[in-house]
Amino acid sequence: MGFFDRLKSGLQKTHDKLVHEIKRIVSRSPKLTATSLEELEAALIAADFGLSMTGEIIVAVRKAYESQGGAGLDVIEIATQEVTRSLASTASALHKEASGLTVVSVVGVNGTGKTTTAAKLAHLVQLRGETAMLAACDTFRAAAIEQLKLWGQRLRVPVIAGTYGADPSAVAHDAMTAAGSRQMNYLFVDTAGRLHTKHNLMQELQKLHRVLGKKLPRAPHETLLVLDATTGMNALNQAREFNKAVPLSGLVITKLDGTSKGGMVVAIHRELRLPIKFIGVGEQPEDLQPFEPRDFAAALFSDRELNPV
Amino acid sequence: MFETLSNKLQNVFKNLRGLGKISDANVSDSIREVRLALLDADVNFKVAREFIEKVKEQAIGQKVIQSIQPGQQIIKIIHDELVNLLGSANAGLELRGHPSCLMLVGLHGSGKTTSAGKLARLLHKQGRSPLLVACDVYRPAAMDQLETLGRQLELPVFVRKGEKDVLRIAREAVEFATAEHRNVLIFDTAGRLQIDQPLVQELVRLRDLVRPEEMLLVLDAATGQEAVNVATHFDQALQITGVVLTRLDGDARGGAALSLKAVTGKPIKFVGVGEKPEDIEPFHPERMASRILGMGDVVSLVERAAEAVDLDEAKRMEEKMRKGQFTLEDFLEQLRQMKKLGSLESIVGMLPGGSEMLQNTDLNKSEKEFRRMEGMICAMTPQERRHPQILNAKRRQRIAKGSGVSVAELNNLLNRFNQMQQMMRKMGKLQKMMRRMGGVMPRF
């Protein structure tokens, strides 16, 4: 399965539902009335687009309707354009330092899939023929270290770990030293899950990043926030708060497989202008895919791409 | 908890409170605002629509009672409807069998394993002897996680590493439980998508084997519109008996909580409010409604205190708060007990107006501040603590010197204490008023 198919099957549900809803609305009431707009609004909100993004699409639809006089109005086309436009600035390549080690820090709230994402990223880099190392900096959650170590064994990626309760910054420091002396291309730092509302934990994260930066100027070169696709509008708060604490360089959206969500991605990108770098569409190591805004928008809305695979 | 939703609703209420009479137009405006606030909080849009219709119907239909402001009436209607939506009473666990089985199911990363540990601790405290059973055969190191939790809690965990057959694990676990006289088995299952048929079927087979009395769906409070789909699917396949809502200590807007009961008819039984094993609470719909509306939740606060303090003391405290006779002495006592109770944030959040106070302060800073407050109150004489109004400039200077702070800082403390006292008095009054109207209001 190529990337597009994967993405498509992952997003199939979202798309089916959305297109079905929109078609139903449009075909039943071709005239743009208050009710049909309200229904369109409901469909978009149900896909977690968020109020402001939904509002924008509604406005665009109304404008297009007014200028075209109702003939040939294609709601799906307008919605696709809106989403693509919002996501247009997204650049998805994983940063690579010209020479030496590239440090990627993986952050997020609890249970979004940070550890799995870190492992998948290492796998991705290895497939490109580069070397990667993992740092198990989640020293809090029970068995987090074992989880990363098992991934390491499975993917043949070295894992640097400390003990539970240890200072994650110390583990990161050791990992940097190890990665440097073994001349690795990439170091992926798996941090502990933390709610963005906990000041002390966010400060711990800031410290970790400071330690990385002291060991190697400009590190971490990438800070990826991992977001669970089933999250609703709270994802915006998460992105906002993490970005405030440690400047983010991109987002990873996980668990996009089979659930009918994805809309909040658009809302987040819209507000924070953060590129979405990867999406997780399954449980296998290769199920982490670079994000393609056009494909994403097309898979969300377009009819041609949407017929059953 | 639920800050954003309650803040938005409070803004609406501010406008409502000022209204002299209820008319179609001004109610419609406010109610549109309420709808937006609900949608923005991830409340399922169908649920939001129904909610709004019910409130509107009652608000316009109801005769305005002369003695109170009509705005208050609407607030009461919304409160009552919220309680309806959340379920009317706290639903506990029904575990009668010997041994009883409890299954935890849900999506990936919703917090099943952590909740399993928390529930085990809770049941153990209630005098049961729980056995944790590790049935997550997929995620790397999931079994280690449960084992570690068991060790921390000093509770037995049934683990068969390398075994991939969930049913075999379950069978052996039941035998083990009988031999070891454990009377509650808690099955921690692997995370799965609600539409992943093979995996959901595995759960169905597990259910048919162990016949659990409780089948709890574990759901992240930050889940969006999808929450309702997830709950419906799991309910259809497995007939869940209730929900554990996790990560309510974040700023998730709680829409999931508001929609769940309405759509599945299954109650929320517990809420997870932190990362530590003791951070789990039974779900009380009335208290939650009060909390969402920003009325505070003194009952839960007192209950929590009761775990650390003795009961008489807790009752005395509740009485004082209600009457607004809360003195600096009590405040000092509370400050000290708070330390025992752990997270400061959650405790202040339960006070009327507390969540607003929390929002404007950095938590770490306020932890420090609380230490300083303690110092300042300690530097006062008992009489000063009971009657802060006698604090003149000279006394203030003495106290500031004695506790190493500036007079301004001391004044700040006294002002804040005053505000808190006023809030409490107001809440007491509001409650009396509600009672006069014959409405069912939570005890504060």
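Structural data are supplied above this passage.
Fair warning: this is a prediction, and the values are worked out from it, not measured in the lab.

Caption draft 1: Local environment of the sheet that holds strand E5 (residues 222-228) of chain A. Residues and elements named next belong to chain A. Reading across from one edge, E3-E2-E4-E1-E5-E6-E7-E8 is the order of the 8 strands in this open sheet, with mixed pairing throughout. The open sheet has two free edges, formed respectively by strand E3 (159-161) and strand E8 (288-290), since each of these has just one partner strand. The mean angle between the axes of side-by-side strands here comes to 25 degrees, regardless of whether they run parallel or antiparallel. Strand direction decides the pairing type here: E5 and strand E6 (residues 250-254), joined by 5 bridges, are parallel. Its bridge partner being in E6, aspartate 228 is matched across the sheet by threonine 254. The sheet strands contacting helix H7 (residues 168-181) are strand E1 (102-107), strand E2 (132-137), E3 and strand E4 (186-191), and the helix crosses E2 at an angle near 165 degrees.

Caption draft 2: Representation of the sheet that holds strand E6 (residues 242-246) of chain B. Residues and elements named next belong to chain B. Taken in spatial order, the 8 strands line up as E3-E2-E4-E1-E5-E6-E7-E8 in an open sheet, and their pairing is mixed. Where the open sheet ends on each side, the last strands, each with one partner, are strand E3 (157-158) and strand E8 (280-282). Bridge analysis of strand E1 (residues 100-106) against strand E5 (residues 214-220) gives 5 bridges, and the strand direction is parallel. Across the sheet, the residue bridging to methionine 103 is methionine 215, located in E5. Helix-sheet contacts for helix H5 (residues 112-125) involve E1, strand E2 (130-135), strand E4 (184-189), E5, E6, strand E7 (268-272) and E8, and the interaxial angle to E4 is about 170 degrees. The sheet strands contacting helix H8 (residues 197-210) are E1, E4 and E5, and the helix crosses E1 at an angle near 170 degrees.

Caption draft 3: Quick peek at the nonpolar core. Ranked by internal contacts, the top residues of the largest apolar core, which has 96 residues, are Phe51, Val133, Ile186, Phe187, Phe234 and Leu245 of chain B. Shared between two domains, this core holds at least three residues of each, these being domain 1 (3-86) and domain 2 (100-295) of chain B. Counting 48 residues, the second-largest nonpolar core is a separate cluster that includes Leu40, Val61, Val266 and Ile279 of chain A.

Caption draft 4: The interface of chain B and chain A, seen in detail. Each partner contributes residues to the interface: chain B has 38 residues there, and chain A has 43 residues. Both sides of the chain B and chain A interface together cover about 3,500 Å² of buried area, and 55% of this is carbon and sulfur. The largest share of the area that chain B buries against chain A comes from Pro140, Asp251 and Glu275 of chain B, three residues that together contribute 16% of it. Linking chain B with chain A are 1 salt bridge. One salt bridge connects aspartate 249 of chain B with lysine 198 of chain A, and the closest N-O pair in it is separated by 2.8 Å. Summed over the shared surface of chain B and chain A, the result is 7 residue pairs in polar contact (both at pLDDT 80 or more). Mapped by element, the contributors of at least two residues to the side of chain B that touches chain A are helix H2 (24-40), helix H3 (45-61), helix H6 (142-153), helix H9 (226-238) and helix H17 (363-378) of chain B. Taken together, the residues that form the side of chain B that touches chain A break down as 12 nonpolar, 12 polar and 14 charged.

Caption draft 5: Geometry of the packing of aromatic side chains. On inspection of all chains with the given rule, the structure shows 3 aromatic pairs over all chains. With centroids separated by 5.6 Å and ring planes inclined at 10 degrees, the aromatic side chains of tyrosine 186 of chain A and phenylalanine 188 of chain A adopt a geometry described as stacked. Looking at tyrosine 186 of chain A, the relative accessible area reads 0%, which means it is buried. Its relative accessible area of 0% is what places phenylalanine 188 of chain A among the buried residues. Measuring from centroid to centroid gives 5.4 Å for phenylalanine 158 of chain B and phenylalanine 176 of chain B, while their planes differ by 50 degrees, and the two rings are tilted. Highlighted residues: phenylalanine 158 of chain B in strand E3 and phenylalanine 176 of chain B in helix H7 (residues 166-180), separated in sequence by 18 residues. It is arginine 154 of chain A that lies over the ring of tryptophan 151 of chain A; its NZ or CZ is 4.8 Å from the centre.

The rules behind each value
- Residues numbered from 1 in each chain as written.
- Chains lettered and ligands numbered in written order.
- Predicted model: local features only at pLDDT ≥ 70, side-chain atom pairs only at ≥ 80, totals over all residues.
- Heavy atoms only, no water.
- Pairing = 2+ DSSP bridges.
- Helix = DSSP H or I, 4+ residues; strand = E, 2+ residues; numbered from the N terminus.
- Axes fitted to C-alpha atoms, helices over the stretch in contact; angles between N-to-C directions.
- Contact = heavy atoms within 4.5 Å.
- Core = buried A, V, L, I, M, F, W, Y, C linked by side-chain atoms within 4.5 Å.
- Buried < 20%, exposed > 50% of the residue type's maximum accessible area, 1.4 Å probe, protein only.
- Domains from an automatic or database assignment.
- Buried area = accessible area lost by both parts, 1.4 Å probe.
- Salt bridge = Lys/Arg side-chain N within 4 Å of Asp/Glu carboxyl O.
- Polar contact = N/O pair within 3.5 Å; in protein donor to acceptor, adjacent residues only side chain to side chain.
- Nonpolar A, V, L, I, M, F, W, Y, C, P; charged D, E, K, R; others polar.
- Phe/Tyr/Trp six-rings, centres within 6.5 Å; stacked < 30°, edge-to-face > 60°.
- Lys NZ or Arg CZ within 6 Å of the ring centre and 35° of its normal.

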